[in-house]
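These are the residues of each chain, in order.
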Amino acid sequence: MALVFVQSNSSVDDTSDTSHTVTLNGVGAGNLIVLLVKFEGAATTVSVSDGTSTLTNGTMVDHGNGDLHGIWCYLLAANSGNKTYTLTLGAARPYKRLHIWEFSYSGTVALDVQNTGSGTSAAPQSGTVTTTGTDEVALGFYGEYSGEVFSSPQINSVAANGSRINSPAGSYTASWYRILTATFANGRASGTLGSVVDWICNIITFNAVAAPGRTTRNTLASPLGMRLGR
């Protein structure tokens, strides 16, 4: 079974502190969890836990202005139930945003490729990636702080299957996903703004591989007419 979107959520915390949370109810055991962390201020360390497992950190993007940071974190096999995902920063930081996505799959799933992007323009875009699988999900995120509302989220120049944009209202952060059934080369996560601003934009992809089928044993006939396994 291909990767399938299950649910998403987002939360915002403008105060300067070291912790923030986002919840998902009814998480499926073994599903893929992908979570965006965005914050402002100086760079610091990031850790996210669901209370049982610590999520794996992707690659952090730090804008050259020194005041804008973002990272994808992920858990390849989710713990089931109503879950609270807690962000812990190495130092107090303001304007924290969390966007969380859940996807179901069969077989196994693994990180494929990722890349970061930052700049100053009206066209946020990540660095390029070349995917390797035909059953993948690719996610992009965008963050800034000027009050521009992001639009036209894309993966490899194709419209996203789903997105969370400026959610909650006034958070000026977006994340989006696209389910892939073919590989692409040198593609990006991208979108559009109304004016030129500083921004960060990352892409990350995960590849699902179906579980191997059951193997049927070959048999040989014995001289006595018995069937012997081989």
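Residues numbered from 1 in each chain as written. Predicted model: local features only at pLDDT ≥ 70, side-chain atom pairs only at ≥ 80, totals over all residues. Heavy atoms only, no water.

Colleague: Help me understand the packing of aromatic side chains, please; the structure alone is not making it clear to me.
Modeller: Any two aromatic rings considered together are summarised by their centre-to-centre distance and by the angle between their planes. Under the definition given, this model contains ten aromatic pairs. Aromatic side chains Trp101 and Phe103 sit 6.5 Å apart centroid to centroid with 15° between the ring planes, which places their arrangement in the stacked category. Here the aromatic rings of Phe103 and Tyr177 are separated by 5.2 Å at their centres, their planes lie at 75°, and the arrangement is edge-to-face. With Phe103 in strand β9 (residues 96-104) and Tyr177 in strand β16 (residues 173-180), this pair connects stretches of sequence that are 74 residues apart. Per residue, the accessibility class of Phe103 equals that of Tyr177, and both read buried. Grouping aromatic residues by their ring pairs yields a cluster made of Phe5, Trp101, Phe103 and Tyr177. (Phe/Tyr/Trp six-rings, centres within 6.5 Å; stacked < 30°, edge-to-face > 60°. Helix = DSSP H or I, 4+ residues; strand = E, 2+ residues; numbered from the N terminus. Buried < 20%, exposed > 50% of the residue type's maximum accessible area, 1.4 Å probe, protein only.)

Colleague: Help me understand the sheet that holds strand β13 (residues 151-155) in this model?
Modeller: Pairing between the strands of a sheet is mediated by backbone hydrogen bonds and can be parallel or antiparallel. In space, the three strands of this open sheet follow the order β14-β13-β17, with antiparallel pairing throughout. Strands with a single pairing partner mark the edges of an open sheet, and in this sheet they are β14 (158-159) and β17 (189-192). With three bridges joining them, β13 and β17 adopt antiparallel strand pairing. Across the sheet, the residue bridging to Ile155 is Ala189, located in β17. (Pairing = 2+ DSSP bridges.)

Colleague: Quick question: what am I supposed to make of the confidence of the model for the chain here?
Modeller: Close inspection of predicted coordinates is inappropriate for parts of the model with low pLDDT. Considering every residue of the chain, the mean pLDDT works out to 92; 91% of them sit at 70 or more. Note that pLDDT drops below 50 for residues 214-230; the model gives that stretch 13 contacts with residues more than four away or on any other chain. (pLDDT = per-residue confidence, 0-100. Contact = heavy atoms within 4.5 Å.)

Colleague: Before we go on, may I ask you to explain the sheet that holds strand β2 (residues 17-27) in this structure?
Modeller: The strand order across the open sheet formed by three strands is β2-β8-β4, and the pairing between neighbours is antiparallel. The open sheet has two edge strands, β2 and β4 (46-49), and neither has a second partner. Between one strand axis and the next, the sheet turns through 15° on average, direction left out of account. The sheet contact formed by β4 and strand β8 (residues 81-93) spans four bridges and is antiparallel. Looking at β8, one finds that Ser47 is bridged to Thr88. (Axes fitted to C-alpha atoms, helices over the stretch in contact; angles between N-to-C directions.)

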